[in-house]
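Here's the letter readout for the chains.
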Amino acid sequence: MDTLPALQGPMPEIPRFDDGMVNLNELVRTLAEALVNEVMDAQADDACAEGNQRNGYRERRLLTSVGPITLRIPKLRRGTFFPNDLIDRYSRVDRAVVAAVAEMVASGVSTRKVERVARTLGADRMSASQVSRICEALDATVSDLRERSFGGVRFPYLWIDATYVKCRDGGHVSSCAVATAIGAADTGHRALLGLEAVDAEDYASWRSFLLSLRERGVAGVLCVTSDAHAGLRRAIEEVFPGAAWQRCIVHLERNACALGRNRRERRLIGSVLSAVFAESDPDLVRELYHLAAGELGAANAAVGDLLEEAEPDALAHLDFPPAHRRRLRTNNVQERANREIKRRARVVQVFPSRKSLIRLIGAVLSEMDEEWACRRWFDGDSIAEAYEDRSKWAPAPAPSYDGTAAEHAARIITVVLADEGCERRAA
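Residues numbered from 1 in each chain as written. Predicted model: local features only at pLDDT ≥ 70, side-chain atom pairs only at ≥ 80, totals over all residues. Heavy atoms only, no water.

### Remarks on the overall build of the protein
Regarding its fold elements, the protein presents 15 helices and eight strands. With 427 residues in all, the protein has 47% of them scored as buried. Carbon and sulfur atoms form 50% of the exposed surface of the protein, whose accessible area is close to 21700 Å². (Helix = DSSP H or I, 4+ residues; strand = E, 2+ residues; numbered from the N terminus. Buried < 20%, exposed > 50% of the residue type's maximum accessible area, 1.4 Å probe, protein only. Areas by Shrake-Rupley, 256 points an atom, 1.4 Å probe, with all protein chains shown as cover.)

Encoded structure:
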């Protein structure tokens, strides 16, 4: 790009003070904002020279010496465009950590270790007014994220979970449950739908959290994936009636292995269940699950009862399009988000208040949400299939096997048991 394009559209009106004098600072700010956005548009057009296409904008706010300017960062259909020479991708999170640590130092509740972290980050050199300005900007961003409306967009799939962090509340340190909801929109993109700090992970808290999602326009839900928390499951059934509930198979495997009486039995349970969920054919997976529940139940009645009770919920993902099943059957998208939250929160250790806790976690999730908006997670056509022709993916009425799937499942279970040094019980 040798030359800059001329500014498009009519020239903006010259900003003036009330007495008619030209506001030079506002004029420079307006021109800087327009010029920077034109430069990014030209760079995005160059990136589309080889057949790529533009796909709208996402806005970011940048503080400059002449005031805040709004960057309209172009989005591309393939790949990403980001002005790394203008703005740091993770500046919000870094400022959130500085603000939280600075608040701890100022309130006198930090340990010596946290004070060393504060000095490393430069928080001990920040004035109260600087911390206040940082917090104000971050709080506005997090508030927009938590309160945005989703009217006109359907979310067929939700993943819901909670993670715990230490927070000072009422004069003492306690664990605070941070509930989050991630959804897949009918456009194929992921999005953060909700974030809340709650006292306890019980039915009342989950119901209030899910109702807030529905009030902000989260609708069209076909399946919700979570762990087997009784209060959460009850709240899902009430707030999103008609939606399937998928019990995370990773949590199910852990629960089943925990019932093993010794290391050998726990290894056997894990191997059998891994073999069940490694298959992709719905008929075969169902037959394998039946055989696994019988074989493991013969050795450990508690494991057999657990698998029998969990069967409809553990296999709920098989009723949806094949391209969606692997992501629907686990809560991995939430686990990855929780790991990132823990990694960033580990610097602060104990948050001085719930407000600072929401500020940091909101900043982390805001960055993740922006990254998710740049690429599709599901194909839009396959999501349309899930809505328009769900009967195509529904299980066939029993008996659904002609003997082929059952025989193949029996061979798989026999091989797994043989590898673990066990004999298969007689049918």
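From this point, the discussion proceeds with the structure in view.
### Things to note about the environment of Ile69
The topology assignment puts Ile69 in strand E2 (residues 67-76). It is 9.1 Å that separates the C-alpha atoms of Ile69 and Ala34, two residues lying 35 residues apart in sequence.

### Considering the pairing of strand E4 (residues 172-184)
Looking along a regular strand, one sees the side chains alternate between the two faces of the sheet. Taken together, the 13 bridges between strand E3 (residues 157-169) and E4 define a ladder with antiparallel strand orientation. Note that in E4 the partner of Tyr164 across the bridge is Ala177. With antiparallel pairing between neighbouring strands as the criterion, E3 and E4 make up a hairpin whose turn holds two residues, including Gly170 at a positive phi of roughly 65°. Taken together, the eight bridges between E4 and strand E5 (residues 190-198) define a ladder with antiparallel strand orientation. Bridge pairing in E5 links Ala181 to Gly194. Where E4 folds back onto E5 in an antiparallel hairpin, the turn is made up of five residues, including Gly188, whose phi is positive at roughly 100°. (Pairing = 2+ DSSP bridges.)

### A few points about the pattern of salt bridges
All told, the structure shown has 16 salt bridges when counted by the stated rule. As a salt-bridge pair, Arg29 and Glu26 come within 2.8 Å of each other at their nearest N and O atoms. With Arg29 and Glu26 both in helix H1 (residues 24-47), this residue pair falls three residues apart, about one helical turn. For the salt bridge of Asp369 with Arg148, the shortest nitrogen-to-oxygen distance reads 2.9 Å. Highlighted residues: Asp369 in helix H13 (residues 354-372) and Arg148 in the loop between helix H4 (128-147) and E3, separated in sequence by 221 residues. (Salt bridge = Lys/Arg side-chain N within 4 Å of Asp/Glu carboxyl O.)

### Some points on the side chain of His324
Mapped onto the secondary structure, His324 falls in helix H11 (residues 322-328). Looking at His324, the relative accessible area reads 0%, which means it is buried. Those residues within four positions of His324 in sequence are excluded, and the remaining contacts are Tyr157, Phe378, Ser382 and Ile383. (Contact = heavy atoms within 4.5 Å.)

### Section: the nonpolar core
In terms of nonpolar packing, the biggest core is built from 36 residues, with Tyr157, Trp159, Phe351, Leu357, Ile361, Leu365 and Phe378 touching the most fellow members. Only H4, E3, E4, E5, helix H12 (332-345), H13 and helix H14 (380-388) provide two or more residues apiece to this core. For Phe378, the residues in contact, after removing those within four places along its chain, are Tyr157, Trp159, Ala184, Thr187, Gly188, Ala323, His324, Arg327 and Ile383. By size, the runner-up hydrophobic cluster in this structure holds 26 residues, among which are Leu252, Ile269, Leu273 and Ile412. (Core = buried A, V, L, I, M, F, W, Y, C linked by side-chain atoms within 4.5 Å.)

### Notes on H14
Every buried residue of H14 is accounted for by Ser382, Ile383, Ala386 and Tyr387. Seen end-on, H14 carries its buried residues on one side only, within an arc spanning 145°. With respect to the buried face of H14, the exposed residues turned more than 90 degrees away are Asp381 and Glu388. Where H14 is buried, its residues meet E3 and H11. (Arc of directions from axis to C-beta.)

### Brief notes about a nonpolar patch on the surface
There is a patch of nonpolar side chains on the surface, built from Ile14, Val22 and Leu24 and spanning about 250 Å² of accessible area. Inspection of the secondary structure puts Ile14 in the segment before H1. (Patch = residues over 30% accessible without salt bridge, like charges linked within 9 Å, V, L, I, M, F, W, Y side chains within 5 Å.)

### What to know about the packing of helix H7 (residues 249-258) against helix H10 (residues 301-314)
Two packed helices can be described by the angle between their axes and the distance between those axes. At a closest axis distance of 11 Å, the pairing of H7 and H10 adopts a crossing angle of 170°. Our classification of the angle between H7 and H10 gives roughly antiparallel. Counting all contacts with H7, which are made through Ile249, Leu252, Asn255 and Ala256, the residues of H10 involved are Val303, Leu306, Leu307, Ala310 and Ala314. Across the contact of H7 with H10, the residue classes tally to eight nonpolar, one polar and no charged. (Axes fitted to C-alpha atoms, helices over the stretch in contact; angles between N-to-C directions. Parallel < 35°, antiparallel > 145°, perpendicular 65-115°, else oblique. Nonpolar A, V, L, I, M, F, W, Y, C, P; charged D, E, K, R; others polar.)

### Quick notes on the side chain of Asp369
Here Asp369 falls in the buried class, since its relative accessible area comes to 9%. Ignoring any residue separated from it by four or fewer positions in sequence, one finds Asp369 in contact with Leu145, Arg148, Ala191 and Leu192.

### Observations concerning helix H6 (residues 230-239)
Within H6, burial applies to Gly231, Leu232, Ala235, Ile236 and Val239. All buried residues of H6 fall inside an arc of 135° around its axis, so they share one side. Relative to its buried face, H6 has exposed residues pointing more than 90 degrees away, namely Ala230 and Glu237.

### Observations concerning a negative patch on the surface
A cluster of acidic side chains, namely Asp379, Asp381, Glu385 and Glu388, defines a negative patch on the protein surface. Relative to the assigned elements, Asp381 resides in helix H14. (Lys, Arg positive; Asp, Glu negative; His and termini not counted. Charge placed at Lys NZ, Arg CZ, Asp CG, Glu CD.)

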